[in-house]
Every structure is written in structure tokens, then in C-alpha cells.
Amino acid sequence: MKGVAVVFRAKRADRVKIVVWDGSGLVLYWKRLEGGGFKWPPVVDGVMRMNAAQLSALLAGMDWTRMHAPRIPQPKALA
């Protein structure tokens, strides 16, 4: 179960609870936004999937959909 976080959200989308195994026990993270709500990803086959950067943005109250991996140009071979 390494690298897995189980996330529970409230119906109003303004509260979140996250349960993570840290190797020695379970850790519970709880947060409520005072104004507005979290912008949640779509549910596909009963599961919401996010990467670490997107989850971090969501928990900061930001719009995680604006998180994009930087495009790094491929180096060109020298002739």
C-alpha cells in the first residue's frame, strides 16, 4: 500500500479527510476551506486519480486543473 492515500470528501466539497499509512501507523489529515470548496477531479470507474502536485494544489485550495508538467525540449544531437 506504499504511495497510496485514501481521500474522503464531503458532499459540499468544502471538507476533505485523507488517510495515509506512514510505515508505522495510519495518519489522518483533515481540512476545511472557509470560503468556497475544493475543485475535485472527475470520478472514473468509482475512482478519482491525481498526482502529488495536483493533490498539493487541491489541498491549498487552488484549481489543480491548471497544474501542468513543464515541457522540456529534447536536446539536439551535435553534427
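Conventions and cut-offs
- Residues numbered from 1 in each chain as written.
- Predicted model: local features only at pLDDT ≥ 70, side-chain atom pairs only at ≥ 80, totals over all residues.
- Heavy atoms only, no water.
- Helix = DSSP H or I, 4+ residues; strand = E, 2+ residues; numbered from the N terminus.
- Contact = heavy atoms within 4.5 Å.
- Areas by Shrake-Rupley, 256 points an atom, 1.4 Å probe, with all protein chains shown as cover.
- Lys, Arg positive; Asp, Glu negative; His and termini not counted.
- Charge placed at Lys NZ, Arg CZ, Asp CG, Glu CD.
- Pairing = 2+ DSSP bridges.
- Axes fitted to C-alpha atoms, helices over the stretch in contact; angles between N-to-C directions.
- Buried < 20%, exposed > 50% of the residue type's maximum accessible area, 1.4 Å probe, protein only.
- Polar contact = N/O pair within 3.5 Å; in protein donor to acceptor, adjacent residues only side chain to side chain.
- Core = buried A, V, L, I, M, F, W, Y, C linked by side-chain atoms within 4.5 Å.

Student: How would you explain the overall build of the protein chain if you had to name every residue and give the values?
Tutor: Assigned secondary structure in the protein chain consists of one helix and three strands. Tracing the protein chain from N to C terminus, the helices and strands come up as β-β-β-α. Counting only C-alpha atoms and orienting by the principal axes, one finds that the protein chain spans roughly 60 × 35 × 25 Å. Summarising the internal contacts of the protein chain: among those between residues at least 6 apart in sequence, 25% fall at separations of at least 24. Taken as a whole, the protein chain presents about 6700 Å² of accessible surface, with 58% of it coming from carbon and sulfur. Mean positive and mean negative side-chain charge positions of the protein chain (13 and 5 charges, respectively) differ by 4 Å.

Student: Give me the lowdown on the sheet that holds strand β3 (residues 26–32), citing residues and values where you can.
Tutor: Read from one edge to the other, the open sheet built from three strands follows the order β1-β2-β3, with strand pairing classed as antiparallel. Strands with a single pairing partner mark the edges of an open sheet, and in this sheet they are β1 (5–9) and β3. Between one strand axis and the next, the sheet turns through 15° on average, direction left out of account. As defined by bridge partners, strand β2 (residues 15–21) adjoins β3 across seven bridges and the pair is classed as antiparallel. Note on β3: the bridge partner recorded for W21 is L26.

Student: For helix α1 (residues 52–59), give the residues involved together with the corresponding values.
Tutor: Along α1, the residues that are buried comprise Q54, A57, L58 and L59. Summarising the contacts, the buried residues of α1 are in contact with β2 and β3. Capping of α1 at its N-terminal end is provided by N51; its side-chain oxygen lies 3.1 Å from the backbone amide nitrogen of A53.

Student: Pulling in residues and values, what's your account of the side chain of Q54?
Tutor: Summarising the element assignment, Q54 is placed in helix α1. Residue classification places Q54 among the buried residues on the basis of a relative accessible area of 15%. In this structure, Q54 is in contact with W64 and M67, ignoring residues within four places of it in sequence.

Student: Which residues make up the nonpolar core, and what are the values?
Tutor: Core analysis: the largest hydrophobic core is formed by ten residues, namely A13, V16, I18, L33, F38, W40, A57, L58, L59 and W64. Put simply, the parts of the chain that give this core at least two residues each are β2 and α1. If one sorts the elements of this core by residue count, α1 sits on top with three residues. Apart from residues no more than four positions distant in its own chain, W40 is found in contact with V7, R9, A13, R15, V16, M48, L58 and W64.

Student: Explain the environment of F38 residue by residue, including any values.
Tutor: With respect to the secondary-structure elements, F38 resides in the loop between β3 and α1. Sequence spacing of F38 and L59 is 21 residues, and the spatial spacing of their C-alpha atoms is 7.6 Å. Setting aside chain neighbours within four positions, we find F38 in contact with A13, D14, R15, V16, K31, L33, L58 and L59.

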